[in-house]
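The primary structure of each chain is shown beneath.
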Amino acid sequence: MSNSILTAEEQAALLQPIDSYVSGIQAKVDELRADGTTKIVSLQSGIDAVKSDRILSRAERDEQVAGYQAEMAEAKQVEAANKGEVAKLIADATGYLKQHFDAEYLNPVKASCDAEREQAKADYQRRLAEIDAEHKKLIGSLSDSQEIKEEKYVHKNKQFDAKVSYQQELQRIKDREHEAFSYRYHLIDLLRMSRFTFAEKMAQRWEAYCYTFSLRDFLLNNGLYIAILLVFAMLCIITPAVKGSQLLTPQNILNILQQASPRMFLALGVAGLILQTGTDLSIGRMVGMSMVASTIIMHQGPNTGTFFGIAFDFSGMPVIGRIVLALAVCVFLCTAFSAIAGFFTARFKMHWFVSTMANMLVIFGIVTYATKGVSFGAIDPTIPNIVTPRINGFPTIILWAVAAIAIVWFIWNKTTFGKNMYAVGGNPEAASVSGINVFAVSIGAFLLAGILYGFGSWLECIRMVGSGSAAYGQGWEMDAIAACVVGGISFTGGIGKISGVTVGVLIFTALTYSLTILGIDTNLQFVFSGVIIITAVTLDCLKYVQKK
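Please read all numbers here as calculations on a predicted model, not as lab measurements.

1. Details of the overall build of the protein chain
Per the secondary structure count, the protein chain includes 18 helices and 2 strands. The C-alpha atoms of the protein chain give a radius of gyration of 33 Å, which is well past the 24 Å a tight globule of 548 residues would have. Each principal axis of the C-alpha atoms in the protein chain carries an extent, and together these give about 95 × 95 × 60 Å. Within the protein chain, the fraction of its 548 residues that count as buried is 41%. Of the contacts formed within the protein chain by residues at least 6 apart in sequence, a portion of 78% connects residues at least 24 apart. Here the protein chain carries 47 positive and 47 negative side-chain charges, and the mean point of each set is 8 Å from the other.

Shown next as structure tokens:
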């Protein structure tokens, strides 16, 4: 076995002819590029430097830039003249690499690495056997219980050290194989100036994935998704047997997306709070409050119910006016109550659980008292066709959710406020020291959440054609929070992506829809949700502990 293991000198000897051939071509390419491509890159850097130099006057800048551009025009002519020769040389080098690199260098190195792994495993097992033999010999010669206890402790440490040494040796072998693979693309990188074909890019990405792959990390990051997909696959198999119809039909998929659309707004809102190690328990009650307000404003004809004893009638307003007014009221109410909770949280360092729970109780108490707990019936039936019409059977309410995802993604990833949210969530003390206004960021996250709650509740009212009552939305905060956690928004703060929230909402909505089709009791569906939540949070905690 040792004969098949290459030494460093033997590996260098295998690479030498390949390196010499390609390096010779590289020298010719560099010579041809010297007064062309290389000079263009240098001149462009000079132009950029001159343009950013505020010491120079405008006339001086223009003069120097003009000089650089004149030189660049000459360099481009040289580049164009040598382009064909350079392309031939590069094709020669890449063809040589394709013919010789794997057969004469990479494959022997891989075989050597495989032999090294076998050798390392054999050495590790032999070392463990030696440690066990030494331990048994020492234990047999000891009589004092304390000495025996100490020897057992030493024995475990020796086993651990042997394991660490074995893992380090495996990593060294892995590094050697990875470096051998990467050297081909290092040569191509120099030849083509960092330009790779699609196949070459994919090969490098696959190698990087395999090189960094860890089964433990993979299961921690994706184990929950795998389990849910298996459950969903099982439901797809069971549904035809139990109900006599398929689960994954185009209509069912559209129904799932339609149900998920208003909830997407709620999840996107609370995700920003969870990103800062917070939460919001008042989401469900805000939905109920907004449903009542929307139904009152968009009601078909005079309201049969009263609000604080007053029977409102907005039927005299134009339909568009009532739609806009309902949206404005929903956004205002949700934003106002979110701002209140945010103020107490940010100003007095009150725990998010307490401030949002107080909000929840206040909202529910006010709305229930004002409406006497009654439902306000249906909204004008023409409104859904205006706001969320179906186009050839496609529910356009889904487009509202897509727009919300795009906007919130932009806020999180492309604005200073979004970056500050990540910073405050990751380490508020460090963020404060670096000049970030932690109070403003916290309030801003609550305001953004309130706006999204208002939009989502307004859409839900239109989707359900009214039926507003104080009790509507009960438990929705759990669904929104669970969707975020399943989607990878970490309660430890500063970790999460909008794509994860989107996947989380779709997973929960699809699971609930599937269980409902199967006729599973609603109360039992809460059990499924609870199991998913505790599993998601457990995996999140394990990832946090591992990182620490």
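2. Quick word on helix H1 (residues 8-33)
Maximal helix bending in H1 amounts to about 35 degrees, located at Leu 15; proline Pro 17 follows within four positions. Buried residues of H1: Gln 11, Leu 15, Ile 18, Val 22, Ile 25, Gln 26, Val 29 and Arg 33, and no others. Contacts made by the buried residues of H1 are with helix H2 (37-52), helix H3 (58-141) and helix H4 (145-192).

3. Thoughts on a nonpolar patch on the surface
Nonpolar side chains collect at one region of the surface, where Trp 206, Tyr 209, Phe 213, Leu 215, Leu 219, Ile 226 and Leu 230 lie side by side and expose about 730 Å² of accessible area between them. Put simply, the parts of the chain that give the nonpolar patch at least two residues each are helix H5 (198-212) and helix H6 (215-243). Considering each element in turn, the nonpolar patch owes the most residues, 4 residues, to H6. Within the fold, Leu 219 resides in helix H6.

4. What to know about the packing of helix H9 (residues 319-348) against helix H15 (residues 438-463)
Between two packed helices, the angle of one axis relative to the other and the distance separating the axes together describe the packing. It is at 7 Å that the axes of H9 and H15 come closest, and there the two elements cross at 150 degrees. Between H9 and H15, the crossing angle belongs to the class labelled roughly antiparallel. Two packed elements cross with a definite hand, and for H9 against H15 that hand is right-handed. Considering only residue class, the contact of H9 with H15 consists of 18 nonpolar, 7 polar and 1 charged.

5. Concerning the packing of aromatic side chains
This model, assessed by the stated rule, comprises 21 aromatic pairs. Each ring, one from Phe 343 and one from Phe 348, has its centre 5.8 Å from the other, and the planes form 85 degrees; the classification is edge-to-face. Exposure remark for Phe 348: the relative accessible area of 49% places this residue in the partly exposed category. These aromatic residues form a ring-pair network of at least three members: Trp 206, Tyr 209, Phe 213 and Phe 218. For Arg 263, the ring lying beneath its charged end belongs to Trp 476, and the centroid distance is 4.0 Å. For the cation-ring pair, Lys 372 lies above Tyr 369, with the distance from its terminal atom to the ring centre recorded as 4.7 Å.

6. Notes on the packing of helix H8 (residues 283-298) against helix H10 (residues 352-371)
Relative to each other, H8 and H10 sit at 30 degrees, their axes nearing to 9 Å. In terms of orientation, H8 lies roughly parallel with respect to H10. In terms of crossing hand, the pair formed by H8 and H10 is left-handed. Together, Arg 285, Met 286, Met 289 and Val 292 of H8 and Asn 359, Met 360, Ile 363, Phe 364, Val 367 and Thr 371 of H10 make up the contact between the two elements.

7. Considerations on the nonpolar core
Ranked by size, the top nonpolar core spans 92 residues in total, and within it Leu 268, Met 298, Trp 412, Tyr 453 and Trp 458 carry the most contacts. Beyond its immediate sequence surroundings of up to four residues, Trp 458 is in contact with Ser 294, Met 298, Ile 323, Ala 326, Leu 327, Cys 330, Val 387 and Trp 400. Listed in part, the 29 residues of the second largest apolar core include Leu 89, Ile 90, Ala 93 and Leu 106.

8. Considerations on helix H12 (residues 397-414)
The first and last C-alpha atoms of H12 sit 26 Å apart over 18 residues, in line with the 26 Å expected at 1.5 Å per residue. Among the residues of H12, Ile 397, Ile 398, Ala 401, Ala 404, Ile 405, Val 408, Ile 411 and Trp 412 are the ones counted as buried. Angularly, the buried residues of H12 cover 145 degrees about the axis, an arc narrow enough to put them on a single face. Seen from the open side of H12, the exposed residues pointing more than 90 degrees away from its buried face are Ile 407 and Lys 414. In this fold, the buried residues of H12 make contact with helix H7 (250-274), strand S2 (394-395), helix H13 (416-426), H15 and helix H17 (498-517).

9. Concerning unusual backbone geometry
Phi is mostly negative for residues that are not glycine, and the peptide bonds are mostly trans. The phi torsion at Lys 349 lies on the positive side, around 55 degrees, for a residue other than glycine. As for its position among the elements, Lys 349 is in the loop between H9 and H10.

Calculation rules
- Residues numbered from 1 in each chain as written.
- Predicted model: local features only at pLDDT ≥ 70, side-chain atom pairs only at ≥ 80, totals over all residues.
- Heavy atoms only, no water.
- Helix = DSSP H or I, 4+ residues; strand = E, 2+ residues; numbered from the N terminus.
- Rg over C-alpha atoms; globule rule 2.2 N^0.38 Å.
- Buried < 20%, exposed > 50% of the residue type's maximum accessible area, 1.4 Å probe, protein only.
- Contact = heavy atoms within 4.5 Å.
- Lys, Arg positive; Asp, Glu negative; His and termini not counted.
- Charge placed at Lys NZ, Arg CZ, Asp CG, Glu CD.
- Bend = angle between axes of the 7 residues up to and from the residue.
- Patch = residues over 30% accessible without salt bridge, like charges linked within 9 Å, V, L, I, M, F, W, Y side chains within 5 Å.
- Areas by Shrake-Rupley, 256 points an atom, 1.4 Å probe, with all protein chains shown as cover.
- Salt bridge = Lys/Arg side-chain N within 4 Å of Asp/Glu carboxyl O.
- Axes fitted to C-alpha atoms, helices over the stretch in contact; angles between N-to-C directions.
- Parallel < 35°, antiparallel > 145°, perpendicular 65-115°, else oblique.
- Left-handed = near helix turned anticlockwise from the far one by under 90°.
- Nonpolar A, V, L, I, M, F, W, Y, C, P; charged D, E, K, R; others polar.
- Phe/Tyr/Trp six-rings, centres within 6.5 Å; stacked < 30°, edge-to-face > 60°.
- Lys NZ or Arg CZ within 6 Å of the ring centre and 35° of its normal.
- Core = buried A, V, L, I, M, F, W, Y, C linked by side-chain atoms within 4.5 Å.
- Expected span 1.5 Å × (residues − 1).
- Arc of directions from axis to C-beta.

Note that all results are geometric; they support no functional claim without further evidence.
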